[in-house]
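# Breakdown of the fold
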Amino acid sequence: MITMSLPLRHHPGSAGHASGTCQPCFWFWKPGSCQNGQTCARCHLCPEGELKSRRRVKKTMMQQGLFGSALPQSQADLQKDN
């Protein structure tokens, strides 16, 4: 069995990749790639299409009312009083 590994592109933007808290780089998979290279604040380890997939999930959650309007209980109470 032959295995090939891609060079790892670890940099500050990829710090949260393992936990899923990273933000995928929009430009990394485009022709010409990301011009910021190792200084990019976005993740270069995410697979192609990850940003689009996350946007789809977020949109679906917003449509179902599961995302975006949830405030911590104490903040919600404060807004009701004002």
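The notes below deal with the structure included here. Predicted, not measured: the structure shown is a model, and the values here were computed from it. (Residues numbered from 1 in each chain as written. Predicted model: local features only at pLDDT ≥ 70, side-chain atom pairs only at ≥ 80, totals over all residues. Heavy atoms only, no water.)

## A short note on the pattern of salt bridges
Put simply, the rule is: Salt bridges are defined as contacts in which a side-chain nitrogen from Lys or Arg sits within 4 Å of a carboxyl oxygen from Asp or Glu. Numbering of helices and strands runs from the N terminus; a helix is a DSSP stretch of H or I covering at least four residues, while a strand is a stretch of E covering at least two. Three exposure classes are used, based on accessible area relative to the maximum for each residue type with a 1.4 Å probe and protein chains only: buried under 20%, partly exposed in between, and exposed over 50%.
A complete count under the given rule lists 1 salt bridge for this structure. As a salt-bridge pair, Glu 50 and Arg 54 come within 2.8 Å of each other at their nearest N and O atoms. With Glu 50 and Arg 54 both in helix H1 (residues 50-63), this residue pair falls 4 residues apart, about one helical turn. Here Arg 54 falls in the partly exposed class, since its relative accessible area comes to 26%.

## Things to note about unusual backbone geometry
Phi angles above zero are rare outside glycine, and Ser 33 is one such case at about 55°. The class for Ser 33 is partly exposed, based on a relative accessible area of 29%.

## A few points about the side chain of Ser 14
Keep this limit in mind: Contacts described as polar in this section are N or O atom pairs within 3.5 Å, which, within protein, must combine one atom able to donate a hydrogen with one able to accept it, while residues neighboring in sequence count only if both atoms come from side chains.
Its location among the elements puts Ser 14 in the segment before H1. Given the relative accessible area of 5%, Ser 14 is considered buried. A distance of 3.4 Å separates a polar side-chain atom of Ser 14 from the backbone nitrogen of His 44.

## Notes on the environment of Phe 26
For Phe 26, the position within the fold is in the segment before H1. In this structure the C-alpha to C-alpha distance between Phe 26 and His 44, which are 18 residues apart in sequence, comes to 9.1 Å.

## Some words on the state of the cysteines
Keep this limit in mind: The disulfide definition used here is simple: a pair of cysteine sulfur atoms within 2.5 Å.
This model, assessed by the stated rule, comprises 0 disulfides. Considering cysteine sulfurs only, Cys 46 is the nearest to Cys 22, which forms no disulfide, with 3.5 Å between them. Note on Cys 25: no disulfide assigned, nearest cysteine sulfur contributed by Cys 34 at a separation of 3.8 Å.

## So, H1
Basically, it comes down to this: One fewer than the residue count of a helix, multiplied by 1.5 Å, yields its expected span.
Helix length check: H1 (14 residues) gives 20 Å between terminal C-alpha atoms against 20 Å at 1.5 Å per residue, within 8%. Backbone geometry just after H1 places Gly 65 at a positive phi near 75°.

## Comments concerning the packing of aromatic side chains
Let me state the cut-off plainly: Each Phe, Tyr or Trp ring (for Trp, its six-membered ring) is paired with any other whose centre lies within 6.5 Å, and the angle between the two planes then decides the class: stacked below 30 degrees, edge-to-face above 60, tilted in between.
Evaluation of the coordinates by the stated rule reveals 2 aromatic pairs. Summarising the aromatic geometry, the rings of Phe 26 and Trp 27 are spaced 5.1 Å apart at their centres and angled 90° between planes, so their arrangement reads as edge-to-face. When its relative accessible area of 40% is taken as the criterion, Phe 26 is described as partly exposed.

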